[in-house]
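# Coordinate analysis (summary)
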Amino acid sequence: MARDSQAALVALNRFGFGARGGASGDLINAATDPRGFVKAELARPNAVLLEAPGLQSTPQLGQAVFAYQDQVKQAREAAAKAGAPTEAPADQKPGPRRNLSLNAVATEIAGQMAEAKPTDNKPADNMAKPDTMQPNAAASAAAKPAPQPLNVIQKTFRAEALARLQRATLVECGFTERLVVFWSNHFCISASKGELARIWAGAFEREAIRPHVLGRFADMLKAVEQHPAMLFFLDNQQSLGPDSRAGQNRKRGLNENLAREIMELHTLGVGGGYTQDDVTSLARIITGWTFAGRQGQLGAPGSFVFNVNAHQPGPQMLLGKSYEPTGLAQGEAALADIAHHPSTANFIATKFVRHFVADDPPPALVARLRDVFIKTDGDLKALATALVDSDEAWKAPLTKMRSPYDFLVASGRLLARVPEDPGAYLNNLNLLGQPLWSPAGPNGFADTSAAWAAPEGIKLRLDIAAQMGARLGPNIDPLDLLEFAAADAASIETRRTIERAESRQQALALLLMSPEMQRR
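Along each chain, the written sequence defines residue order, and numbers are assigned to residues from 1. Given that the model is predicted, a residue must reach a pLDDT of at least 70 before its local features are reported, and side-chain atom pairs must reach 80 or more before they are shown or counted; all residues, however, enter totals for whole chains, interfaces and linings. The basis for the side-chain values is all heavy atoms of the structure; hydrogens and waters are excluded.

A few words now on the overall build of the chain. Secondary structure elements follow DSSP: runs of H or I of four or more residues count as helices, runs of E of two or more count as strands, with numbering from the N terminus. When helices and strands are counted, the chain shows 27 helices and four strands. Going through the 520 residues of the chain one by one, you find that 53% of them count as buried. Only heavy atoms matter for contacts: two residues are in contact if any of them lie within 4.5 Å across the pair. Restricting to contacts in the chain with at least 6 residues of sequence separation, those with at least 24 account for 76%. Surface accessibility of the chain: about 22,600 Å² in total, with carbon and sulfur atoms responsible for 51%. Note on exposure labels: buried denotes an accessible area under 20% of the residue type's maximum, exposed denotes more than 50%, and partly exposed covers the range between, all computed with a 1.4 Å probe on protein chains only. What sets the accessible areas is the Shrake-Rupley method with a 1.4 Å probe; for residues, cover comes only from the shown protein chains.

Before going further, it helps to examine the nonpolar core. The set of buried Ala, Val, Leu, Ile, Met, Phe, Trp, Tyr and Cys residues whose side-chain atoms join them within 4.5 Å is what this entry labels a nonpolar core. Core analysis: the biggest nonpolar cluster contains 140 residues, and Phe15, Phe175, Trp183 and Phe352 have the highest contact counts within it. For this core, the leading source of residues is helix α9 (residues 195–209), giving nine residues. The contacts of Phe15, once residues within four sequence positions are left out, are Val10, Val38, Gly174, Phe175, Arg178, Phe356, Leu387, Val388, Ala393 and Trp394.

By this rule the span expected of a helix is its residue count minus one, scaled by 1.5 Å. Taking 1.5 Å of rise per residue, the 15 residues of α9 would be expected to cover 21 Å, and the 21 Å separating its terminal C-alpha atoms lies within 8% of that figure. Taking the largest bend as the criterion, α9 deviates by roughly 45 degrees, centred on Ala201. Within α9, twelve of the 15 residues are buried, which leaves it mostly tucked inside the rest of the structure. Three or more residues of α9 are buried, namely Leu196, Ala197, Ile199, Trp200, Ala201, Gly202, Ala203, Phe204, Glu205, Arg206, Ala208 and Ile209. For α9, the secondary structure elements touched by its buried residues are α4 (58–82), α7 (152–170), α8 (175–186), α10 (217–225), α11 (228–233) and β1 (289–291). Think of it this way: the bend at a residue is just the angle between two axes, each fitted to seven residues, one set ending at that residue and the other starting at it.

Further remarks concern the packing of α8 against helix α16 (residues 342–356). When two helices pack together, their arrangement is given by the angle between the helix axes and the distance between those axes. Every angle, taken between N-to-C directions, lies between 0 and 180 degrees, and every axis is a line fitted to C-alpha atoms, over only the stretch in contact when it is a helix. At a closest axis distance of 12 Å, the pairing of α8 and α16 adopts a crossing angle of 125 degrees. Relative to α16, the element α8 lies oblique. Crossing hand, α8 versus α16: right-handed. Side by side, α8 and α16 meet where Phe175, Arg178, Leu179, Phe182, Trp183 and His186 of the first sit next to Phe347, Ile348, Lys351, Phe352, His355 and Phe356 of the second. Each residue is assigned to one class: nonpolar for Ala, Val, Leu, Ile, Met, Phe, Trp, Tyr, Cys and Pro, charged for Asp, Glu, Lys and Arg, and polar for all the others, Gly among them. Each residue belonging to the contact of α8 with α16 can be placed in one class, and the counts come to eight nonpolar, two polar and two charged. Should an angle fall under 35 degrees it is called roughly parallel, over 145 degrees roughly antiparallel, and 65 to 115 degrees roughly perpendicular, with every other angle called oblique. Handedness of each helix crossing follows the sense of rotation of the near helix against the far helix: counterclockwise by less than a right angle gives left-handed, clockwise gives right-handed.

Here, a salt bridge means any side-chain nitrogen of Lys or Arg that lies within 4 Å of a carboxyl oxygen of Asp or Glu. Tallied over the full model, the rule gives 24 salt bridges. With a shortest N-O distance of 2.9 Å, Arg294 and Asp70 are connected by a salt bridge. You can see Arg294 sitting in the loop between β1 and β2 (304–306) and its partner Asp70 sitting in helix α4, a full 224 residues away along the chain. For Arg294, a relative accessible area of 36% translates into the label partly exposed. The class of Asp70 is partly exposed, set by a relative accessible area of 34%. A salt bridge links Asp463 to Lys459; the nearest nitrogen and oxygen atoms lie 2.8 Å apart. Residue Asp463 and its partner Lys459 are both found in helix α23 (residues 455–472); the two are separated by four residues, about one turn of the helix. Accessibility assignment for this pair places Asp463 and Lys459 in one class, buried.

Attention now moves to unusual backbone geometry. Not every positive phi belongs to a glycine, and Ala416 is a case in point at roughly 55 degrees. As for its position among the elements, Ala416 is in the loop between α20 (404–414) and α21 (423–431). Not every positive phi belongs to a glycine, and Trp437 is a case in point at roughly 55 degrees. As for its position among the elements, Trp437 is in the loop between α21 and α22 (449–452).

Any functional reading would require information that these geometric values do not contain.
Here it is as structure tokens:
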């Protein structure tokens, strides 16, 4: 069978995280049967699950947070009695960076090489060491104070991040990991919400997203909306039915955050046929959906529970249908119906195509995926398969800008560096405006090129590429890496630019900034 390097590049970049370097042979394997190469991962649903030593369940992590908070409280009380001052760490944000045209990349890199030379001649054994991917790390190291010991929340977040990054770096194609990233962003929470959100961010993805990536949308929807991380993120534990026992006693009422985002962002979409009255009705229906607190009165601390005392009694009318007062089952029935609504099928198909194919989704492809979603009862494996089988997904040019996460993972894969510490990745994700599991709002990170192709963002990527080039370039032949990444699908311009570089360091940085590495 003839090999198609261009189709292999589409297979690896559009559907995955790019080719791995070393002896992986990813591009060659994909070139023989590009569609089969991508779909092979769909036949291994258990491979989507993520288990690693030390990763704990949501209830276990909840109990750990509650215990940590008790310790902090006791320490503060003791310090107050002793008259010791307490200080809160100040957040430091990077200053504004000047814009830079991509045409000036080579010149800019040349000017940076003197500032980013490796400190010794030893080969870099891992791209994710703290200073490997961090711009100007050598200059800032002397000014940094001694690091404080990590608390249980920070340790957990880093362990979850490392497990995710290692999986993305090692997996053959990366299609299922890209699906995880897509659905995790679709049903996003934000670790910046508070300590519970931060310690639960990774567990939320492991427990509510991964088991259903190749399953049914309705099952994922239920798992997501009942997960303590989502309930905490959108404040549903504060929502009380006005006529419930708790609502009467506390003189508090509904919080519509979760109900609104379920309809607007998770299922029907704006213009999906719902009204404000429907939002209020759904908010009433899911009152009582909460998680057990530190005292464990309703269940194991940190676990999902249905608090009947907070639930609004009586039937509710939602989207033209009456839901009888069946407690927890009332909300589950409502979610199931919303998952099967035609507007949900159209909204999901549109976002799916926009993410994988083009910022302006081809209407015919959206319509086909919408029909697949409806006919298969929201089978997400069937949805992914239909995408790979479509001609549009292979013919559309690779013009979408990789997100910061995609760019950093793709770079690590090509350089064959499996991270042993997540610090550099986390720092650079913060720098590039995509902090891990921490979007600014419930709509998640933007999924269009315009969000990531601004000159300031390109300049920051250039800084990172130059730092990696300075550290790793002396031990790597960038032309060999270009063969791993694109082979004869690489443009003549990219190949000539790398060949004309002043040094291997500069050549590696130019490769990482090339369209073959920045676009998908």
